[in-house]
Amino acid sequence: MRKVFQEELAQVGEDLIEISKLVSEAIVKATTSFEVADVDLAQDVIAADARIDFLQNSLDERAIDILALQGPVASDLRMIVGSLRMSASLERMGDLARHIAQLARLRFPSTVIPASLTETFKSFAEQDIEIANKLTQLLETRDLEVARDILKANSVVNDLHLSVFKAIARSDWHESPATTVDVALASRYFERFADHGVSVAQKVTYLVTGAWHPNSSMEHG
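About the cut-offs
Residues numbered from 1 in each chain as written. Predicted model: local features only at pLDDT ≥ 70, side-chain atom pairs only at ≥ 80, totals over all residues. Heavy atoms only, no water. Axes fitted to C-alpha atoms, helices over the stretch in contact; angles between N-to-C directions. Helix = DSSP H or I, 4+ residues; strand = E, 2+ residues; numbered from the N terminus. Parallel < 35°, antiparallel > 145°, perpendicular 65-115°, else oblique. Left-handed = near helix turned anticlockwise from the far one by under 90°. Contact = heavy atoms within 4.5 Å. Nonpolar A, V, L, I, M, F, W, Y, C, P; charged D, E, K, R; others polar. Buried < 20%, exposed > 50% of the residue type's maximum accessible area, 1.4 Å probe, protein only. Core = buried A, V, L, I, M, F, W, Y, C linked by side-chain atoms within 4.5 Å.

Student: Before we go on, may I ask you to explain the packing of helix 4 (residues 118-141) against helix 5 (residues 144-169) in this structure?
Tutor: When two helices pack together, their arrangement is given by the angle between their axes and by how far apart the axes lie. Two elements in contact, helix 4 and helix 5, have axes whose closest approach is 9 Å; the angle formed by their N-to-C orientations is 160°. In terms of orientation, helix 4 lies roughly antiparallel with respect to helix 5. When the axes of helix 4 and helix 5 are compared, the crossing they make is left-handed. Taking contact as the criterion, the partners of Thr120, Phe121, Ser123, Phe124, Gln127, Asp128, Ile131, Lys134, Leu135, Gln137 and Leu138 in helix 4 are, on helix 5, Val146, Ala147, Asp149, Ile150, Ala153, Asn154, Val156, Val157, Leu160, His161, Ser163 and Val164. Here the residues of the contact of helix 4 with helix 5 sort into 13 nonpolar, 7 polar and 3 charged.

Student: Could you clarify how one ought to interpret the environment of Ser110 in this entry?
Tutor: For Ser110, the position within the fold is in the loop between helix 3 (74-107) and helix 4. The class for Ser110 is partly exposed, based on a relative accessible area of 44%.

Student: Looking at this model, I keep getting lost on the nonpolar core. Mind explaining?
Tutor: Among soluble globular proteins, nonpolar side chains are generally buried collectively. Ranked by size, the top nonpolar core spans 64 residues in total, and within it Phe34, Leu90, Ile113, Phe121, Leu138, Leu139 and Val183 carry the most contacts. Put simply, the parts of the chain that give this core at least two residues each are helix 1 (2-36), helix 2 (39-70), helix 3, helix 4, helix 5 and helix 6 (177-209). When residues in this core are grouped by element, the largest group, 12 residues, is from helix 6. For Phe121, the contacting residues outside a window of four places in its chain are Phe34, Glu35, Ile113, Val164, Val183, Ala186, Ser187 and Phe190.

These figures capture arrangement, not role.
Below is the structure:
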């Protein structure tokens, strides 16, 4: 029974890694479709989100079965509960990639972002892709230096998000109301994607260290 239990725990970990890889693929495609108004690529992201949802549901069902049938304690219990929470964050990251792709599809054949903010959103994309790729690495290795890298990237995203809202509040902002709403929504999607990445990184850190410091553990460690 113990061998079966350990195999089930290992499968939960593998499932998290698989979902994380799909999220990375989604954000790469979503940000590309967003930047160049590629409606076919956007549609790929929107359609592929169902796979992420399916895998999350399967992982959650497996984890709940382990809780009900195996009665895990201590570190095993933390791992199962943490996996449930991480799968929810990863699924939400997939949703946010889908939202970015949906904006690209909505505004096709035009791009969503005005020329004045093109570089800002390229930077957003680079940081979100970095976070997604680092998450897969973190889930595979549990290397807390990787978790700290995620926090650093998130700090850049937060600064970019703030800069967008400063830009649309300036007196020389003359874009249409629709564009202004699109820009604000897109900035929020990119920012929330990074936040959920941080949430996963914090939970992995907790599983490794047993200490829960959601606001500072990785930023100052």
